[in-house]
Every structure is written in C-alpha cells, then in structure tokens.
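Residues per chain are reported as follows:
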Amino acid sequence: MTPKPPPLGTAATLARFGLIALPVLILGLTLGYVRGWLDPGRLTPAKVVDTLQASGGPHPGYRRNHAKGVCVTGWFESNGQLAQASKAEVFAAGRTPVVGRFALPGGNPYAPDNSVPIRSLALRFTQADGQQWRTGMNSMPVFPVGTTQAFFDSLQASRPDPATGKPNPAAQQAFFASHPETAAFLAWVKTAKPSASFATERYDGLNAFYLVAADGTRQAVRWKVVPEGVTPTASAGEGADYLATDLEQRLAGGPLRWALQMTFANPDDPVDDASKAWPADRRTVEAGTLVLERAVAQNDGPCRDINYDPTVLPQGIEISGDPLLPARSAAYADSYLRRTGEVNSLHAAQEPRP
Amino acid sequence: MTKPLQHFVPVARWLHWAMAAGLLAMLFIGAGMVASVSARHEQLIELHKPLGIALLALAVIRLSVRLATRQPPLPADLPAVQALAAKASHWLLYGLMLSLPLLGWAMLSAAGDPVNLGAGILLPPLLAPNAATFALLRTAHGYLAYLLFCTVLVHLAAALYHGLIRRDGVLRSMARGR
C-alpha cells in the first residue's frame, strides 16, 4: 500500500483545494454558457416558441404554430423521373405512404379560416426502408424573411399589444421598413385572399435542399405541390371552419391530387435565402402525384403526434445552408416537447370551439 | 492469497479515459444543441446520435470488464461514509452511462422519428410511437443528463481530493499502471 504521505500545511492544503475546485468550476461554467444560461442574448429555440405561444395564447396540447389543422392520409405515386437525381427510395417509381396535415399559420387552434390568407400542408413520406421525408409547405411563393433573427423580430413585431389585444401596426410597419427583403412577400400578400378550400392551393416548400444522386452529385432544389384538376369552391366559405367541411365534401367525391414539382437552381441562384424566389424559367421536373384520400380531425388523427421537422430527410435529400431549416428543426422540437407533455388535456378540449 | 491490485487493469483504464472524453463531449453537445437555432443545431444532433450509441456499446463492454476483472481496493483507512459514497457514485455512473443512450433511443422511437445514425444507418425503434411516453422519456433524458454531469463533477473533485489531499494512491490507480 501507499506509505502515509507527509502532512500538508494550511496554505498548501488551501492551494490544493483551489486546484480541485478550478476544473469543476471551469466545466460547470462552460456548460452553463453552452446551454445558454450564461449567454442571455442568444436566440434559443425556447425564445422563439415562447414568442409564438405569447401570440397564440395558451392552448395546451396544440402546436405552438400552425395550431389549427386537419390530418390527411394518402400516398405519393412517383413516376421515377427524379430517380437519377436522387437516390431516395421515394423517387423510385412506385408508391410511398403519406400522412399529412393541412393547417393555418398562427398559434390559435380556433382561429377563423378567413383570418389569414395562408394555408399550409405538411407531409411525412415513409419509405419501405424506414427512412422518412418530412416537409412543411405553405401556400405562398416566397418566405417573408431569410434569417432566423429576422423571423424572430417579425414574431415580436406582430405580438398582440396587451392594451388592445391586436398587433401594434406601428411595430409591424417599422419591422417591414427595416427589412426590405420582405418586399416580395408583401407584394404577394397584398393580393392574396383566404381561399375557400385547401384543395385549390399550391404549396411551396420555400427552403432549398440538395438532391443527392447515387454517384454523389448534389443539385440544389426547391419543391412544391400543384393541385391537379380541381374546381374552385363556388362561394367564399362561411363560418369559422369552412376549410375542414370543404375538404370532407371533396374527399367524399374521391381523392385529391397534386403534382409534386422539383425545381432545380441555376448555379448563381440563392440556396440559403428563402426570401428570394428563383426566376420562373428554372428547370422543373414533375416527380409524381400526391394523392390524399382521407381526412381525420387532428385531435385523434395520425398527424397529431408527428413533428413535421423539415430536416428529417431520407438519404438522397440533404438540407441546404438555409438558416431557417435548423431554426425550424430546433423550434419544432421545443414545441413538440411542450405539446406532447400536454397531450392528455387535448381530450378535454372541444374541437371546434364555437 | 493474491496481493491486492495497485492499479485498474489496462483495458479498464483505457475504457475509463475514452469514455470520460466521450461523455463530457456528449454532455456539452447535448446542452448546446437544445440551446441553438443555428446550423450548429443540426451538426450537433448529427454527432449526438452516433456518439451516444457508441458510448452505449462502450458502457456495455465496460460493465463486462468491471464484472470480469478485479479492482484495486479502496484505502483501508477511508472513512466509511466516503467509501459508501465512492461505491454508490460509481454504480450511479454506470446506471446513467447505460440509461441515457437507451432513453435517447427510446424517446426517438416514441416520437416516431427514424433513429438515424447517419450514412443511412437506421436503428430499429425500441417502442411504439406514443406522445405522452415521448414527453416523459425526453424530460427524463434531459434531467438525467444534468445528473450525470453533476456526478461527473463530483467524481472529478473526489479523484483530485484523493490525489492532492489524501495522496492515497486512488487517483494513481486509474491514472497509470504497469
């Protein structure tokens, strides 16, 4: 055994306790910094979701954004046209099952359908090999902003004023004035009308991705789904929840179809900025048909517990440098944890509420 | 009569230091990825999953090595309460090393997420998708990771206490050997 060491003096003992404390302190403080506790200025997923939650109001169990929605199921029938460009199984000719969700932007699950001109469609494709492709698309041609900080600033600018319960127009104007990249979106939104149907809308992926071929070739793309053979709903919708009713009625007459279109970037097109649309003449390949045949209310539907994180991708599709993609992934994960922890309160909630 | 060991066997020391580096890296990666909205979020997650599974495999090997080999005894003059704390904290470390990656794997399964280790390697789900189960496992994964971090800090402080104050050969038994 080790022989008894000579005793230490008081000063030496104190110095040695200091040496013990030092690495413990350094590690603890470094973890606190990395975790953001000692870095209060950092934009974190929790801050983004807190802001969404403050705008939408407390609705336990629901998504903190795109809270109002309906589940849909169907499949994607690939025509094989993209099999050369991407090794993802979903693009080989054949059928891939899909669980999707139509929704409205915003954190209020009871928002009237005519309160916003934007509709969204999220899809999860499950390949036979177990890999998944998840995407969240919106019925607008361009995203208002290109960076996460600008997105967060826009959320803050559109927060309801506690005095009026409505967003402060001056704050919104100031935001748009200081963000010229929003011009394309503002030009679109000026003429956009809330549609009377989910079925008539085109849904744009907005963020750019890379398709990766079997030989490793990477090509920047954006995707969208374009409705096929739909007739517009005759009248503007009535009541607060006309979209779900319209969807049910249309599906009763047969499945709804969209063409999945993949647009390839030219070499100089921006792939890391969703606020910049690509010119309309870019090569576009139709990859197949999205067929949706059934709708289910979201509180019991198969889409309820899916986090439509756009960075969940099969081999053959990769994220681009678009900063909104990791931000969406991080914020969705935070929202997902909050709402799955509240899932039991959903059964008590009435849907729709008068 | 076998002479008491002075040092841990070489494979145990190798596993200890490799896992010390791996576990500390995992704790910092985990803390960073949940507090980041930048591209770092994705990069850290892509590291976190395969490294977590690698550490699970190492923890299983390490537990087998631990059970199959002799360990140097604690000093005979160590106060009983410290000896108990040493034993308990080691088994706590083993428990956390094994349960944290399993919780991570299980929580992804409960979310219905593919357990993707990169390069197309997919692990099978450990359980069926269930939202409430996900929330429970994900919350436990977070809290137990902080518990592991605190236990590692206490372990580090105790090792240095043995090495600098008591100077009883305990730190040396893991630091070096024949």
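Everything numeric here is computed off the predicted structure, so don't read it as measured data.

S.K.: I'm lost on the overall build of chain A in this one. Help?
M.R.: Helix and strand counts for chain A come out as eight helices and ten strands. Considering chain A as a whole, with its 354 residues, one finds that 41% of them fall into the buried category. The long-range fraction of contacts in chain A, counting pairs at least 24 apart against all pairs at least 6 apart in sequence, stands at 73%.

S.K.: Sorry if this is basic, but what is going on with the confidence of the model for chain B here?
M.R.: The predicted coordinates ought not to be read in detail in places where the model reports low pLDDT. On average, residues of chain B score 95 in pLDDT, and 98% of them are at 70 or above. Scoring the predicted complex yields pTM 0.94 and, for the interface, ipTM 0.94.

S.K.: Just to check I follow, could you spell out the interface of chain A and chain B for this structure?
M.R.: Accessible area lost when the parts come together is the quantity often used to give the size of an interface. With 41 residues of chain A at the interface, the matching set in chain B holds 35 residues. The element contributing the most residues to the side of chain A that touches chain B is helix α1 (residues 10–34) of chain A, with ten residues. In terms of residue class, the side of chain A that touches chain B is made up of 21 nonpolar, 16 polar and four charged.

S.K.: Can you walk me through the packing of helix α2 (residues 39–68) of chain B against helix α3 (residues 80–110) of chain B in this structure?
M.R.: Residue and element names in this part refer to chain B. At a minimum axis separation of 9 Å, α2 and α3 run at an interaxial angle of 145°. Along this stretch, α2 crosses α3, giving a crossing that reads as left-handed. Only Tyr 94, Met 97, Leu 98, Pro 101, Leu 102 and Gly 104 of α3 make contact with α2, whose side of the interface consists of Gly 52, Ile 53, Leu 55, Leu 56, Ala 59 and Leu 63. Split by residue class, the contact of α2 with α3 holds ten nonpolar, two polar and no charged.

S.K.: Explain the packing of helix α2 (residues 45–56) of chain A against helix α7 (residues 324–340) of chain A here, please?
M.R.: A pair of packed helices is captured by two measures, namely the crossing angle of their axes and the spacing between those axes. All names here are of chain A. With their axes 8 Å apart at the nearest point, α2 and α7 run at an angle of 65° to one another. Where α2 crosses over α7, the two elements pack in a sense that is right-handed. Of the residues in α7, those touching α2 at Pro 45, Ala 46, Val 48 and Val 49 are Ala 330, Ala 331, Ala 333, Asp 334, Ser 335 and Arg 338.

S.K.: Sorry, what's going on with helix α1 (residues 10–33) of chain B here?
M.R.: The α-helix advances 3.6 residues per turn, and as a result positions three or four apart in sequence lie on the same side. Over its 24 residues, α1 of chain B extends 34 Å from the first C-alpha to the last, a length consistent with the 34 Å expected when each residue adds 1.5 Å. When we look at burial in α1 of chain B, the residues that qualify are Leu 23, Met 26, Leu 27, Ile 29, Gly 30, Ala 31, Gly 32 and Met 33 of chain B. Those residues of α1 of chain B that are buried lie in contact with α1 of chain A together with α2 and α4 (131–166) of chain B.

S.K.: I keep staring at the pairing of strand β7 (residues 218–227) of chain A and nothing clicks. Help me out?
M.R.: Regular strands place side chains that alternate from one sheet face to the opposite one. Residue and element names in this part refer to chain A. Across two bridges, strand β5 (residues 203–204) lies against β7 in antiparallel orientation. Bridge pairing in β7 links Tyr 203 to Val 225. Connecting strand β6 (residues 209–212) to the antiparallel partner β7 that follows it, the hairpin turn spans five residues, and Gly 216 within it adopts a positive phi of roughly 95°. As judged from the seven bridges shared by β7 and strand β8 (residues 256–264), these two strands associate in the antiparallel manner. Residue Val 226 lies in a different strand from β8, and its bridge partner there is Ala 259.

Reading guide: rules and limits
- Along each chain, numbering runs from 1 in the same order as the chain's sequence is written.
- By the order in which they are written, chains take letters starting at A while ligands take numbers starting at 1.
- Totals for whole chains, interfaces and linings use every residue, but because this is a predicted model, local features are given only for residues with pLDDT of at least 70 and side-chain atom pairs only at 80 or more, for both listing and counting.
- Here a helix means four or more residues in a row that DSSP labels H or I, a strand means two or more in a row labelled E, and each is numbered from the N terminus.
- Residue burial is a threshold on neighbouring C-beta atoms within 10 Å of the residue's own C-beta, all placed from the backbone, with 20 or more meaning buried, 12 or fewer meaning exposed, and counts in between meaning partly exposed.
- By the criterion used throughout, residues are in contact when their C-beta atoms, derived from the backbone, lie within 7 Å.
- The predictor reports its confidence for every residue as pLDDT, a score running from 0 up to 100.
- The residue classification treats Ala, Val, Leu, Ile, Met, Phe, Trp, Tyr, Cys and Pro as nonpolar and Asp, Glu, Lys and Arg as charged. All others, Gly included, are polar.
- Angular values range over 0 to 180 degrees, each being the angle between N-to-C directions of two axes fitted as lines to C-alpha atoms, with helices fitted over their stretch in contact.
- Crossings are sorted by hand: turned counterclockwise from the far helix by less than a right angle, the near helix makes the crossing left-handed, and turned clockwise it makes it right-handed.
- Here the expected length of a helix is defined as 1.5 Å per residue gap, with one fewer gap than residues.
- In this scheme, strands are said to pair when DSSP sees at least two bridges between them.

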